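Examining the three-dimensional arrangement
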Amino acid sequence: MMDARKLSECELDEVYKFHRKDAQKMIRIVSQYSRAANDAYRRGDYVSGYHYSLMAQEAQFAANCLIAKAATKIFKSVNRTDDLWRLDLHGLHANEAIRVLQCRLQQIELSGQRPKPLEVITGRGKHSRGAPVIPAVVTNYLKECRYRFYELRAGAIAVRPKFVELK
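The protein chain is annotated in an unreviewed UniProt entry as Smr domain-containing protein from Lithocarpus litseifolius.

Spelled out as structure tokens, the structure:
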């Protein structure tokens, strides 16, 4: 079993920066190729514009792979225990957090275990620009999918998984 200690805020920031840096570099490259394509099209150089556009698409694909890899590593760093009933979403982007939550709820629902609600740690949004993103996205998802949930404390939600009786 992996180390179950909770990462400090400073350690979490370092994990986030370390795993996201390559993806962020690649996203800057995508932006550069996109600008070059746009500039080439504006001056009527359609061959170069097309070439830069293809390069931007390839770089975007690579960036998406790096983003997914970073999300997986961050998730594993933050969720170090084998606790099926606790899910920490710190360090994940909104779409990644929803994907992880969907998978965990499905895993629980298919397991047939019913001891308690799933504790979802969304955080309070200290690292969000403006309003907290993850808590809002998670609660919206849970409402849309008609899950029963309640706030445990600031930054933590308890979710009651849906169980289907197998016949």
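**With respect to the side chain of Arg 20**
Inspection of the secondary structure assignment puts Arg 20 in helix H1 (residues 9-42). Relative accessible area serves as the criterion here: at 2%, Arg 20 is assigned to the buried category. Once residues lying within four places of it in the same chain are set aside, the contact partners of Arg 20 are Ile 67, Ala 70, Ala 71, Ile 74, Gly 91, Leu 92, His 93 and Glu 96.

**Here we look at unusual backbone geometry**
The backbone phi angle of Arg 146 is positive, close to 60°, even though this residue is not glycine. If you trace the backbone, Arg 146 turns up in the loop between helix H4 (134-144) and strand S3 (148-153). Taking the relative accessible area as the measure of exposure, Arg 146 reaches 72% and is therefore exposed.

**What about the sheet that holds strand S1 (residues 86-88)?**
Within a sheet, neighbouring strands are paired by backbone hydrogen bonds and run either parallel or antiparallel to one another. An order of S1-S2-S4-S3 is seen for the 4 strands of this open sheet, with the pairing classed as mixed. The sheet is open, and its two edges are formed by S1 and S3, each paired on a single side. Sheet twist, expressed as the mean angle between neighbouring strand axes with direction ignored, is 25°. Bridge analysis of strand S2 (residues 118-121) against strand S4 (residues 156-160) gives 4 bridges, and the strand direction is antiparallel. For Glu 119, the partnering residue across the bridge sits in S4 and is Ala 158.

**Focus: the pattern of salt bridges**
Tallied over the entire structure, the rule returns 3 salt bridges. In this structure, Arg 43 engages Asp 45 in a salt bridge whose closest nitrogen and oxygen atoms are separated by 3.8 Å. Across the pair Glu 119 and Arg 153 runs a salt bridge whose closest N-O atoms are separated by 2.6 Å. Note that Glu 119 is positioned in strand S2 and Arg 153 in strand S3, a separation of 34 residues in sequence. A residue is classified by how much of its surface remains accessible, and Glu 119, at 19% relative accessible area, is buried. The class for Arg 153 is partly exposed, based on a relative accessible area of 44%.

**Structural notes on the side chain of Thr 122**
Looking at the secondary structure, you find Thr 122 in the loop between S2 and H4. Not counting chain neighbours up to four residues away, the residues in contact with Thr 122 comprise Ile 134, Pro 135, Val 138, Gly 155, Ala 156 and Ile 157.

What counts, and at which threshold
Residues numbered from 1 in each chain as written. Predicted model: local features only at pLDDT ≥ 70, side-chain atom pairs only at ≥ 80, totals over all residues. Heavy atoms only, no water. Helix = DSSP H or I, 4+ residues; strand = E, 2+ residues; numbered from the N terminus. Buried < 20%, exposed > 50% of the residue type's maximum accessible area, 1.4 Å probe, protein only. Contact = heavy atoms within 4.5 Å. Pairing = 2+ DSSP bridges. Axes fitted to C-alpha atoms, helices over the stretch in contact; angles between N-to-C directions. Salt bridge = Lys/Arg side-chain N within 4 Å of Asp/Glu carboxyl O.

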